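As a plain string of letters, each chain reads:
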Amino acid sequence: TVQANTDAGFSIIKWTGDGTTRTIGHGLTKTPELWISRRINTADNWLTYFTVVDGTLDYMYLNLTNALSGSGITLPTSTVFTDGLSTGTSDDRICYAFHSVESYSKFGIYTGNGNADGTFVYTGFRPAFIIVKSTASANWELFDTTRSPSNVIGIRLFPSLSNAENTGEANCIDIVSNGFKVRGAYVGVNQNATVHIYMAFAEAPFKYANAR
């Protein structure tokens, strides 16, 4: 079962394993850059595949802190991705698949430098919602402009933890009209010489973002 919004570059796919490695239709018009999948009929981790680091297929787990690992499964295409884990005939699985859409969403990488003058990441819009993860062992970090309407943004949630929101790190990022600027030496978003992946979604999609 596929529900897809091709304008937004987002689809939800549900299927049942048949005991083999399968290709699954994702319903999008472009190749997914990132997808999040897990079994829903039993306890499982949120497996997160992505191609944004170097074009190969890598993975981490959204609910864990593990570092990047390379995947041995086939790269996705504009029509299908490969289900590498659905080996059981009764495995019910859900998947959320994404690709970047100009002025609406961006999935990419940046390299941390470990100091207050961190990397500026161009998205082409003012983000309302950002998730960042170091490709080394670290928590996933979630920022948004609803809970943090003013820069510098330090309030964050951790998809990899069950903690309440954290305000202990005062300087994490600035969210600006065309992207975000990494601030401070906090390793969760600015680990020196380390690649970080990010997911960003626009506050006012499609060319209506205002300066901040």
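Residues numbered from 1 in each chain as written. Predicted model: local features only at pLDDT ≥ 70, side-chain atom pairs only at ≥ 80, totals over all residues. Heavy atoms only, no water.

J.: Pulling in residues and values, what's your account of the pattern of salt bridges?
T.: Overall, the coordinates contain nine salt bridges when judged by the stated rule. Across the salt bridge formed by Arg-147 and Asp-144, the nearest N and O atoms sit 2.6 Å from each other. The exposure class assigned to Arg-147 is partly exposed, which follows from its relative accessible area of 27%. The salt bridge partner of Arg-147 is Glu-165, with a shortest N-O separation of 2.6 Å. Of the two residues, Arg-147 sits in the loop between strand E13 (140-144) and strand E14 (173-176) while Glu-165 sits in the loop between E13 and E14, which places them 18 residues apart along the sequence. Look at Glu-165 and you get partly exposed, because its relative accessible area is 39%. (Salt bridge = Lys/Arg side-chain N within 4 Å of Asp/Glu carboxyl O. Buried < 20%, exposed > 50% of the residue type's maximum accessible area, 1.4 Å probe, protein only. Helix = DSSP H or I, 4+ residues; strand = E, 2+ residues; numbered from the N terminus.)

J.: I'd like a rundown of the packing of aromatic side chains, residues and numbers included.
T.: Per the stated rule, a full pass over the model turns up 15 aromatic pairs. For the pair Trp-46 and Tyr-96, a centre-to-centre distance of 6.2 Å together with 40° between the ring planes defines the contact as tilted. Here the residue Trp-46 occupies a position in the loop between strand E4 (34-39) and strand E5 (47-50), and Tyr-96 occupies one in strand E9 (residues 92-98), the gap between them amounting to 50 residues. A relative accessible area of 27% means that Tyr-96 is categorised as partly exposed. (Phe/Tyr/Trp six-rings, centres within 6.5 Å; stacked < 30°, edge-to-face > 60°.)

All we've got here are geometric facts, nothing functional implied.
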